[in-house]
Amino acid sequence: MKIEAILFDLGKVLIDFNFETGVKALHASCSISRTHFEQVLWDTTWIRRYESGEISTAEFHGYLCETANMSMPLQDFCRNWSSVFMPQPLVSDKLLADLKRRYPLILVSNTNEAHIDFIRSNYRVLEHFDHHIFSYEVGSLKPDPKIFEHAIA
């Protein structure tokens, strides 16, 4: 059987992250308890709406400002929200470049516009992929089959 393409995930596969860093930075500008803040931040309805592209980063930021009493400008929110990413990728550019010479590479990731903007600005990893399937762009989150249908289309 011939390999037609290789699909990669982004978080914890290509770039490691630790949400504690971002949660701590965001909570520092809130007037509610850390426990309550995490309940607001990880509310499945809101985070799914954000990562599926139903709402923008500005709308998610507004939700946190209103619901969690967060007092932080949008630009600072984006920086702090993206502080979760570790400085060094988990997979080398050389490995990705070698794979790209032999196979089409497709990136399939549950993510949001703020994180992708940060990754584009701070890592070279996206350059190695022939296609990027981001949940916020296609309106579907893994493991929903729709996101993978975009990948194989």
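Reading guide: rules and limits
Residues numbered from 1 in each chain as written. Predicted model: local features only at pLDDT ≥ 70, side-chain atom pairs only at ≥ 80, totals over all residues. Heavy atoms only, no water. Core = buried A, V, L, I, M, F, W, Y, C linked by side-chain atoms within 4.5 Å. Buried < 20%, exposed > 50% of the residue type's maximum accessible area, 1.4 Å probe, protein only. Helix = DSSP H or I, 4+ residues; strand = E, 2+ residues; numbered from the N terminus. Contact = heavy atoms within 4.5 Å. Axes fitted to C-alpha atoms, helices over the stretch in contact; angles between N-to-C directions. Parallel < 35°, antiparallel > 145°, perpendicular 65-115°, else oblique. Left-handed = near helix turned anticlockwise from the far one by under 90°. Nonpolar A, V, L, I, M, F, W, Y, C, P; charged D, E, K, R; others polar. Phe/Tyr/Trp six-rings, centres within 6.5 Å; stacked < 30°, edge-to-face > 60°. Lys NZ or Arg CZ within 6 Å of the ring centre and 35° of its normal. Lys, Arg positive; Asp, Glu negative; His and termini not counted. Salt bridge = Lys/Arg side-chain N within 4 Å of Asp/Glu carboxyl O. Polar contact = N/O pair within 3.5 Å; in protein donor to acceptor, adjacent residues only side chain to side chain.

S.K.: Help me understand the nonpolar core, please; the structure alone is not making it clear to me.
M.R.: In a soluble, globular protein the nonpolar side chains are often hidden away together inside. Counting residues in hydrophobic clusters, the biggest one holds 21 residues, and the most contacted among them are Leu14 and Val125. The set of elements that each furnish at least two residues to this core consists of strand S2 (15-17), helix H6 (93-102), strand S4 (105-109) and helix H7 (113-122). Excluding residues that lie within four positions of it along the chain, Leu14 makes contacts with Phe8, Asp9, Pro89, Leu90, Val91, Leu96, Leu107, Val125 and Phe129. Core analysis: the next-biggest nonpolar cluster, separate from the first, contains 19 residues, Ile32, Leu41, Ile47 and Tyr50 among them.

S.K.: Whenever I open this one, the packing of helix H3 (residues 44-51) against helix H4 (residues 57-67) confuses me. Can you help?
M.R.: For any two helices packed against each other, the geometry comes down to the angle between their axes and how far apart the axes lie. Between H3 and H4, the shortest axis-to-axis distance is 9 Å and the interhelical angle comes to 160°. As summarised for this structure, H3 and H4 are arranged roughly antiparallel, according to the angle between their axes. Crossing handedness for the pair H3 and H4: left-handed. Taking contact as the criterion, the partners of Trp46, Ile47 and Tyr50 in H3 are, on H4, Thr57, Glu59, Phe60 and Tyr63. Residue composition of the contact of H3 with H4, grouped by class: five nonpolar, one polar and one charged.

S.K.: How should I be thinking about the packing of aromatic side chains in this particular structure?
M.R.: Using the criterion set out here, one finds 14 aromatic pairs in the structure. Here the aromatic rings of Phe77 and Trp81 are separated by 6.0 Å at their centres, their planes lie at 15°, and the arrangement is stacked. Of this pair, Phe77 and Trp81 both sit in helix H5 (residues 74-81), separated by four residues, roughly a single helical turn. Residue classification places Phe77 among the buried residues on the basis of a relative accessible area of 0%. Residue class for Trp81 comes out buried when judged on its relative accessible area of 1%. An aromatic cluster is built from Phe17, Phe19, Trp42, Trp46, Tyr50, Phe60, Tyr63, Phe77 and Trp81, whose rings are joined through pairwise contacts. In this structure, Lys12 packs its charged tip against the face of Phe17, placed 4.9 Å from the ring centre. A cation over a ring is seen here: Arg49 above Trp46, with NZ or CZ 4.8 Å from the ring centre.

S.K.: Would you mind going over the environment of Val138 with me for this structure?
M.R.: Summarising the element assignment, Val138 is placed in helix H8 (residues 135-138). Classification of Val138 by relative accessible area gives buried; the value is 16%. Through-space distance from the C-alpha of Val138 to that of Gly53 is 7.6 Å; in sequence the pair is 85 residues apart. For Val138, the contacting residues outside a window of four places in its chain are Ile133, Lys146, Ile147 and His150.

S.K.: Quick question: what am I supposed to make of the environment of Ser92 here?
M.R.: Structurally, Ser92 can be placed in the loop between strand S3 (85-89) and H6. With 42 residues separating them in the primary sequence, Ser92 and Phe134 have C-alpha atoms 21 Å apart.

S.K.: Explain the side chain of Glu51 here, please?
M.R.: Note that Glu51 resides in helix H3. There is no salt bridge for the buried Glu51, and the closest opposite charge comes from Arg48, which lies 8.1 Å off by N-O distance. Within polar-contact distance, the side chain of Glu51 engages the side chain of Asn112 at 3.1 Å. Residues contacting Glu51, with those up to four places away along its chain left out, are Asn110, Thr111, Asn112, Ser135, Tyr136 and Leu141.

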